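Structure at a glance
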Amino acid sequence: MIPGLTFKEYIAQEKEKLAEMTGEEKKQYFKDYYLKFVIGGVVVLILLIWFIVDISFSARPVAASGGMINLTLSDEGKTFLTDDYLEYLKLNPRTNQVQLASDIILSKGSETSYTDFMAMQAELATNSYNYLIVNEEGLECCLEIDYSMFEDPNKILDDDLKKALADKIGFHLMKEAESSGIKETDKDAPGCYAIDITGTEFVNKYITSNGSVYFLFTGSMDDYDRGMSVLRYILGM
């Protein structure tokens, strides 16, 4: 737009120019003066639409949030815990989501163990997960990070689940405490309860592990029902 002209005057001037041009001249004029602005406008519009869709998609209510520590979960297993779980709950995936961190690695002997432990502690402190599924090393790492972050299933499970899992719920004492002579029965013993789901159809079908696999309840008290719902789902109860 030429300085000193109103928008209406500018449009009138452009019409006069175009009226004196042939078809080919009009095409060339458009390419020379307007095409780059049109392309730029289209790009901005596409980015704006993508941003709005991305924000809306990320803001969907979370039906459950879980993590897998030191375990290999198959692609079918990931689908089972996310898309299939939403279908099980009869929730629309367009308006609901399941969050799953399937590749968490924690190891006390790794070079990044301190950083990894601090990151996990922060996630636990902000109630990022409703449940965790871990191997034996992962369980020991969780105990070292903060065993108080994990709830005793005996206090929150429905009666039918508590009865069905009575022989699978066990207290796990920190190895360092055990080597110091502390016993599980001691008051305020450093450890937590976990549910042994080794050998279940879910584990056998979807998880690769060389040892036991445990289910842990974490997150805020208000969200324990989410973890319990996932537990029922993977146990087929």
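In this report, we go over the structure that sits alongside the text. The residue numbering used here restarts from 1 in each chain and proceeds along that chain's sequence as written. Only residues with pLDDT of at least 70 are given local features in this predicted model, and only at 80 or more are side-chain atom pairs given and counted; all residues enter the totals for whole chains, interfaces and linings. Hydrogens and water molecules were not included; the side-chain quantities draw on all heavy atoms of the structure.

1. Side note on the overall build of the protein chain
So the rule is basically this: The secondary structure listing takes helices from DSSP runs of H or I that are at least 4 residues long and strands from runs of E that are at least 2 residues long, numbered from the N terminus. For each residue, the accessible area found with a 1.4 Å probe, counting protein chains only, is set against the maximum for its type, and the residue is called buried under 20%, exposed over 50%, and partly exposed in between. In what follows, residue pairs with any heavy atoms lying within 4.5 Å of each other are defined as contacts. Where accessible areas are quoted, they stem from the Shrake-Rupley method and a 1.4 Å probe; at the residue level, only the protein chains shown are allowed to cover.
The helix and strand tally for the protein chain stands at twelve helices and eight strands. The 237 residues of the protein chain split such that 36% are buried. Sequence-distant contacts in the protein chain: of pairs separated by 6 or more residues, those separated by 24 or more amount to 69%. Accessible surface for the protein chain amounts to roughly 14,600 Å². Of this, 55% is attributable to carbon and sulfur atoms.

2. Description of helix 7 (residues 136-146)
Inclusion rule: Pairs of N or O atoms are called polar contacts if they sit within 3.5 Å, as long as, within protein, a hydrogen donor faces a hydrogen acceptor (for residues adjacent in sequence, only side-chain-to-side-chain pairs).
Among the residues of helix 7, Gly 138, Leu 139, Glu 140, Cys 141, Cys 142, Leu 143 and Ile 145 are the ones counted as buried. Of the residues that open helix 7, the one with a side-chain oxygen 3.3 Å from the backbone nitrogen of Glu 137 is Asn 135.

3. Things to note about the pairing of strand 4 (residues 131-135)
Selection criterion: Following DSSP output, two strands are said to pair if at least two bridges run between them.
Across the five residues that make up strand 4, a large majority, five, are buried. Of the two faces of strand 4, the one carrying Tyr 131, Ile 133 and Asn 135 and the one carrying Leu 132 and Val 134 are both buried. Alignment of strand 1 (residues 62-69) against strand 4, held across four bridges, turns out to be parallel. Following the sheet pairing, Gly 67 is matched in strand 4 by Leu 132. As paired elements, strand 4 and strand 8 (residues 213-217) share five bridges and run antiparallel to each other. What sits directly across from Leu 132, in strand 8, is Leu 216.

4. Considering the pairing of strand 8
The element strand 8 is extensively covered by neighbouring structure, given that five of its five residues are classed as buried. Side-chain alternation along strand 8 places Val 213, Phe 215 and Phe 217 on one buried face and Tyr 214 and Leu 216 on a second face that is also buried. As paired elements, strand 6 (residues 191-196) and strand 8 share two bridges and run antiparallel to each other. Residue Ile 195 lies in a different strand from strand 8, and its bridge partner there is Phe 215.

5. Considering the pattern of salt bridges
Rule in force here: Salt bridges are defined as contacts in which a side-chain nitrogen from Lys or Arg sits within 4 Å of a carboxyl oxygen from Asp or Glu.
Under the counting rule described, the total for this entry stands at five salt bridges. In this structure, the salt-bridge partner of Lys 108 is Glu 144, at a minimum N-O distance of 3.0 Å. Separated by 36 residues along the polypeptide, Lys 108 in the loop between strand 3 (97-104) and helix 6 (113-125) and Glu 144 in helix 7 bring together distant segments of the chain. For Glu 144, a relative accessible area of 33% puts it in the partly exposed group. Salt-bridge contacts for Asp 158 lead to Arg 232; the nearest nitrogen and oxygen are separated by 3.1 Å. Separated by 74 residues along the polypeptide, Asp 158 in the loop between helix 8 (153-156) and helix 9 (159-164) and Arg 232 in helix 12 (residues 224-235) bring together distant segments of the chain. The exposure class assigned to Asp 158 is partly exposed, which follows from its relative accessible area of 35%. In this structure, a network of salt bridges that share partners links the residues Asp 158, Asp 160 and Arg 232.

6. Topic: the nonpolar core
The nonpolar side chains of soluble globular proteins are, as a tendency, buried together. Heads up, the rule is: Residue types Ala, Val, Leu, Ile, Met, Phe, Trp, Tyr and Cys, when buried and joined through side-chain atoms within 4.5 Å, form a set referred to as a nonpolar core.
Residues Ile 133, Phe 202, Phe 215 and Ile 234 are the most contacted members of the largest nonpolar core, which totals 32 residues. Excluding anything up to four places from it in sequence, Ile 234 contacts Phe 80, Leu 81, Ile 197, Phe 202 and Phe 215.

7. A few points about the sheet that holds strand 1
Applicable threshold: Each axis is a line fitted through C-alpha atoms, taken for helices only over the stretch in contact, and angles between the N-to-C directions span 0 to 180 degrees.
If you walk across this open sheet you meet the six strands as 3-1-4-8-6-5, and the pairing is mixed. The sheet is open, and its two borders are formed by strand 3 and strand 5 (169-173), each paired with just one other strand. For this sheet the average axis-to-axis angle between neighbouring strands, irrespective of direction, equals 30°. The strands touched by helix 7 are strand 1, strand 4, strand 5, strand 6 and strand 8; relative to strand 4, the strand with the most contacts, the crossing angle is about 125°. Those strands touched by helix 12 are strand 1, strand 4, strand 6 and strand 8, and its axis lies near 150° from that of strand 8.

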